[in-house]
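# Descriptive analysis of the structure
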Amino acid sequence: MGWAALSELVPLYPLYALLFTDHGLSEAQISGLFALWSITSVLTEVPAGVLADRWSRRGAVVLAGVLQAVAFAVWTAAPGYAAFAAGFVIWGLGGALVSGASEALVFDGLAAAGASGSYARVNGWMTSAELLVQVPTALAASALFAVGGYALVGWASVGVCLAAAALALLFPEAPRTTDDDEDEVPLRQGVREALRSPALRWAVVAVALVGGLDAVEEYFPVMASDWGLPTSAVPVAVLSIALAGALGAALGGRADRLPFRWLPALLVGAAVCLAGSALWARPSALVLTAVFYGLYLAVLVVAEARLQDRITGPHRATITSVAGVGIEVSSLLVFAAWALGGALAVALLAVAVVPVVAAGLRVRAPVPMPRGRAAGTPSEERPRRRGSRG
C-alpha cells in the first residue's frame, strides 16, 4: 500500500496538461502526445510482461519507477514538444513494465505466505491508496508550483519516482528453481495453452472490459462543468468522486466474498447510477456519479482477483499484461460511446458488458493448496519441490 501510494504521489500528475499548454503546444499536439503514450503502452505491454516473467517481477517494477523518473527528468530539463514526446515513450514503457509485474508480484508473494485468498482485499487497499493520495498530491503540486514553478514540480516528481523504485526493492520475490526451468515451455505455447482454459479466457476478457470502463474517469470534470458546477468547485467535486471510488475499492475484499449473483448486480447498479446522473444532469447528480464509481471499482477489484486466481504456471505477468492490452483497447469503446451519447451512452455500454463479465466471474479458482506446494499449481498436477513457484 505504501508503494502504491508513493507511486501516485507525483506532483506533475495534476499539472502536466498545463505544462504542455504553457509551453505553447496546441490541442492537436497534446492529443498526439497522448496517442503516442497509448500506442507505446499497447505495443510494449505483453513484451514487458514476458520480461517480468523471464527475468524478475520485482526488477520490472523497480525499472518502471526509474524509467518514469527519467521521463520526467527529460521533460524538466528540456521542456518542448520533442522532449515531451520522448518522455511519453519512456513513461509508456515504464507503465507497461509495472502493469502486469506488480499484480503478479503481489499475488505470488501472498501465495508464498499461504495467503492467496487475501489478494482481493490487498489489491483493493492498494487501489484505494492510489485514489486517496490524490489529496496530498494536489496540495503538493500547488505548493511546489507556487515556490519554484514547473521546474521544482518536475524535479520533485523525479525524486518521488526514484523513491517508489527504491521502496519496490523491499518486495519479496520467490526465486526461480530448477523445477521451474525444467517445466517451462516456450512462451508462445505456454500462454496459448493457458488461454485455452475457458475460465481463464473469460476472466481475461472480463478484466479487459471492466477495466476499460475506468476511462470514464477522464470525463468527470467535464460532467461537473457541463452540469452547472462553477469551475472553482470542479476539482473538489472530482476529488469527492475519487474518494467514493477509494471506499469502493477498499471494500473489494468484502465484495469478493459475496454470492456470485451479486457481482453482476453491482455492475448493473453502478450503470443505473451513472445513467441516472446523466439524466438528472445537475450538480447534485454528481452524488450518483460517486456511487457509480464506488460500486464499479468494487467489481473491478473482484475481477482482477479472479483473474489472478485462475492463472497457473510461470506466465502470470504475461497473461496479466494481455488483459492490460485488452483494457487499453476496450477503453476506446468508452471514448466512442462518450462521443456518441455522453455519460448515458457509457452507462448503456456498462450494461452491455455485464453478461461477459458475469461469465468471467462465475467460476472460482480451485481451492488454494496447503503450504508446501507451488503457488498457482492446479490441485491435479503433481506437487513440486517446496518453495518453488508454479
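As the structure is a prediction and not an experimental result, all values here were calculated from the model.

Reading the values: rules and limits
- Residues numbered from 1 in each chain as written.
- Predicted model: local features only at pLDDT ≥ 70, side-chain atom pairs only at ≥ 80, totals over all residues.
- Heavy atoms only, no water.
- Helix = DSSP H or I, 4+ residues; strand = E, 2+ residues; numbered from the N terminus.
- Buried < 20%, exposed > 50% of the residue type's maximum accessible area, 1.4 Å probe, protein only.
- Lys, Arg positive; Asp, Glu negative; His and termini not counted.
- Salt bridge = Lys/Arg side-chain N within 4 Å of Asp/Glu carboxyl O.
- Contact = heavy atoms within 4.5 Å.
- Polar contact = N/O pair within 3.5 Å; in protein donor to acceptor, adjacent residues only side chain to side chain.
- Axes fitted to C-alpha atoms, helices over the stretch in contact; angles between N-to-C directions.
- Parallel < 35°, antiparallel > 145°, perpendicular 65-115°, else oblique.
- Left-handed = near helix turned anticlockwise from the far one by under 90°.
- Core = buried A, V, L, I, M, F, W, Y, C linked by side-chain atoms within 4.5 Å.
- Phe/Tyr/Trp six-rings, centres within 6.5 Å; stacked < 30°, edge-to-face > 60°.
- Expected span 1.5 Å × (residues − 1).
- Bend = angle between axes of the 7 residues up to and from the residue.
- pLDDT = per-residue confidence, 0-100.

## Structural notes on the side chain of Glu304
With respect to the element layout, Glu304 can be found in helix α15 (residues 286-310). No salt bridge is formed by the buried Glu304. Its closest oppositely charged neighbour is Arg306, at 12 Å. When neighbours within four sequence positions are excluded, Glu304 is seen to be in contact with Glu103, Tyr119, Asn123 and Val207.

## Structural notes on the side chain of Arg57
Mapped onto the elements of the fold, Arg57 is located in helix α4 (residues 57-77). In this structure the side chain of Arg57 is engaged in a polar contact, spanning 2.3 Å, whose partner is the side chain of Asp108.

## Here we look at the packing of helix α10 (residues 198-212) against helix α16 (residues 316-352)
Contact geometry for α10 and α16: axes closest at 7 Å, N-to-C directions at 40°. With respect to their mutual orientation, α10 and α16 come out oblique. The crossing of α10 and α16 is right-handed. Across from Leu200, Val204, Val207, Ala208, Leu209, Gly211 and Gly212 in α10, the residues of α16 making contact are Ile319, Val322, Ala323, Gly326, Ile327, Ser330, Ser331 and Val334.

## Quick word on the nonpolar core
Counting residues in each nonpolar core, the largest one holds 60 residues, and the members touching the most others are Leu213, Leu267, Phe292, Tyr293, Tyr296 and Leu307. Elements with a minimum of two residues in this core: α10, α11 (220-226), α12 (234-250), α14 (262-280), α15, α16 and α17 (354-362). Counting residues per element, this core draws most heavily on α15, at 13 residues. In contact with Leu307, other than residues within four places in its own chain, are Leu200, Ala203, Val204, Val207 and Ala323.

## Some words on the pattern of salt bridges
Per the counting criterion, the structure on display carries 4 salt bridges. Among the salt bridges present, the one from Arg57 reaches Asp108, with a minimum N-O distance of 2.3 Å. Taken as a pair, Arg57 in helix α4 and Asp108 in helix α5 (residues 81-112) lie far apart in primary sequence, 51 residues in all. For the pair shown, Arg57 and Asp108 are each scored as buried. Linking Asp256 and Arg306 is a salt bridge whose minimum nitrogen-to-oxygen distance equals 3.0 Å. With a gap of 50 residues between them, Asp256 in the loop between α13 (252-255) and α14 and Arg306 in helix α15 connect regions that are remote in the sequence. The class for Asp256 is buried, based on a relative accessible area of 8%. Look at Arg306 and you get buried, because its relative accessible area is 3%. Residues participating in the shared-partner salt-bridge network are Asp53, Arg57, Asp108 and Arg316.

## Some thoughts on the packing of aromatic side chains
One pass over the full model with this rule turns up 27 aromatic pairs. Seen from their ring centres, Tyr219 and Trp338 are 4.2 Å apart, and the 10° between their planes marks the pair as stacked. Taken as a pair, Tyr219 in the loop between α10 and α11 and Trp338 in helix α16 lie far apart in primary sequence, 119 residues in all. The residues Tyr219 and Trp338 share a single accessibility class, namely buried. Consider the rings of Phe292 and Tyr296, whose centres lie 6.0 Å apart with planes at 15°: the pair is stacked. In this pair, Phe292 and Tyr296 both sit in helix α15, 4 residues apart, roughly one turn of the helix. Assessed through its relative accessible area of 1%, Tyr296 is described here as buried. One aromatic cluster is present, built from ring pairs that chain together Tyr13, Tyr16, Phe20, Trp37, Phe72, Trp75, Phe84, Phe88 and Trp91.

## Quick word on the environment of Gly49
Position of Gly49 relative to the elements: it lies in helix α3 (residues 27-54). Assessed through its relative accessible area of 1%, Gly49 is described here as buried. Residues Gly49 and His315, spaced 266 residues apart in sequence, show a C-alpha to C-alpha distance of 8.1 Å. Once residues lying within four places of it in the same chain are set aside, the contact partners of Gly49 are Ala317, Thr318 and Ser321.

## What about α14?
Every α-helical turn comprises 3.6 residues, leaving residues that sit three or four positions apart pointing alike. With 19 residues, α14 extends 26 Å from end C-alpha to end C-alpha; this agrees with the ideal 27 Å at 1.5 Å per step. Turning to α14, its buried residues number three or more, namely Leu263, Pro264, Leu266, Leu267, Ala270, Ala271, Cys273, Leu274, Ala275 and Ser277. Against α11, α13, α15, α16 and α17 lie the buried residues of α14. Two residues or fewer past α14, Ala281 is found with a positive phi of approximately 55°.

## Re α3
Its 28 residues give α3 an end-to-end C-alpha distance of 40 Å, which sits within 8% of 40 Å, the value for a rise of 1.5 Å per residue. At Thr44, α3 shows its largest kink, close to 45°, and the proline Pro47 lies no more than four residues downstream. Of all the positions in α3, only Ile30, Leu33, Thr40, Ser41, Thr44, Glu45, Ala48, Gly49, Val50, Ala52 and Asp53 are classed as buried.

## Description of the confidence of the model for the protein
The predicted structure's coordinates, where accompanied by low pLDDT, should not be read in detail. Summary statistics for the protein give a mean pLDDT of 83 and a share of 87% for residues scoring 70 or more. Mean pLDDT values for the elements of the protein range from 46 in helix α8 (residues 178-183) up to 95 in α4. Of the regions scoring below 50 in pLDDT, residues 178-185 engages in 16 contacts with residues more than four places distant in sequence or in other chains. Note on residues 365-390: pLDDT under 50 across the span, and 52 contacts to partners over four residues away in sequence or across chains.

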